[in-house]
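Chain by chain, the residues run as shown.
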Amino acid sequence: MTGRVDRLRALRDETAAELRAAGERIDAMTAARADANSDDEHDPEGATIGFEWSQADALRTALRRRLAEVDAALARVDDGTYGVCAVCGDPIAPARLAARPTTDRCIRHA
C-alpha cells in the first residue's frame, strides 16, 4: 500500500504543479490580450488568442478534476477505504489500481 500512497502523492504534486503552470499561461494570455490592439479573429498567422485561451482553460479544468480525484483517493487511504469498490464493497483488483490509481470502483462497476 505504501507504494500506491507514494504514487498518489507524487501524482498530486505533479498535477498541482501543472495546474499552477496552466494558470500562469492563462494569466499571460489574458495580459497579452489586454495589451494587444489587433484583430485576432482574422489573423492569418495562426490560431486566435481566444482559441488558445479556450484550450488552456480546458486543460486547467481537467487538471482541477484530476486533483480532486487524487485528493479523494488520498482521503480514502486515510479512512481505510482505498482499494474498496464504492458500489459493492469488494476489493478493487491491483491491476486496476495500477492503471487507475484514483478509481473508487471495481471493473464490474466502472
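The structure this text deals with has already been given above.
These remarks concern the structure in this document. (Residues numbered from 1 in each chain as written. Predicted model: local features only at pLDDT ≥ 70, side-chain atom pairs only at ≥ 80, totals over all residues. Heavy atoms only, no water.)

## Topic: the overall build of the protein chain
Secondary structure summary: the protein chain contains three helices and zero strands in total. For the protein chain, the succession of helices and strands along the chain, N to C, is α-α-α. Classification of the 110 residues of the protein chain by burial places 28% in the buried group. About 7100 Å² of surface is accessible on the protein chain, with carbon and sulfur atoms providing 52% of the total. (Helix = DSSP H or I, 4+ residues; strand = E, 2+ residues; numbered from the N terminus. Buried < 20%, exposed > 50% of the residue type's maximum accessible area, 1.4 Å probe, protein only. Areas by Shrake-Rupley, 256 points an atom, 1.4 Å probe, with all protein chains shown as cover.)

## Remarks on the nonpolar core
Side chains of a nonpolar character, in soluble globular proteins, are inclined to be buried together. Leu-8, Leu-11, Val-70, Ala-73, Leu-74, Tyr-82, Cys-85, Ile-92, Leu-97 and Cys-106 together form the largest nonpolar core, which totals 10 residues. When residues of this core are assigned to their parent elements, the largest contribution, three residues, is made by helix H2 (residues 49–79). Apart from residues lying up to four places away in sequence, Cys-106 is in contact with Cys-85, Cys-88, Pro-91, Ile-92 and Arg-96. (Core = buried A, V, L, I, M, F, W, Y, C linked by side-chain atoms within 4.5 Å. Contact = heavy atoms within 4.5 Å.)

## Observations regarding H2
Taking 1.5 Å per residue as the helical rise, H2 with its 31 residues ought to reach 45 Å, and the 45 Å between its terminal C-alpha atoms agrees with that figure. Here H2 has its buried residues at Ala-56, Asp-57, Arg-60, Leu-63, Leu-67, Val-70, Ala-73, Leu-74 and Arg-76. At the C-terminal side of H2, Gly-80 shows a positive phi close to 85 degrees. (Expected span 1.5 Å × (residues − 1).)

## Regarding the pattern of salt bridges
Two side chains bearing opposite charge may form a pair once their charged atoms approach each other closely. Enumeration over the complete set of coordinates arrives at six salt bridges. Residue Arg-108 pairs with Asp-90 through a salt bridge whose shortest N-O separation is 3.3 Å. Separated by 18 residues along the polypeptide, Arg-108 in the segment after helix H3 (94–99) and Asp-90 in the loop between H2 and H3 bring together distant segments of the chain. A residue is classified by how much of its surface remains accessible, and Asp-90, at 37% relative accessible area, is partly exposed. (Salt bridge = Lys/Arg side-chain N within 4 Å of Asp/Glu carboxyl O.)

## A short note on the side chain of Thr-102
Along the chain, Thr-102 turns up in the segment after H3. With relative accessibility at 15%, the residue Thr-102 sits in the buried group. Setting aside chain neighbours within four positions, we find Thr-102 in contact with Leu-8, Leu-11, Glu-69, Val-70, Ala-73 and Arg-76.

## A short note on the side chain of Thr-15
Among the structural elements, Thr-15 can be located in helix H1 (residues 2–35). Given the relative accessible area of 0%, Thr-15 is considered buried. Beyond its immediate chain neighbours, meaning those up to four positions away, Thr-15 contacts Leu-63, Arg-66 and Leu-67.

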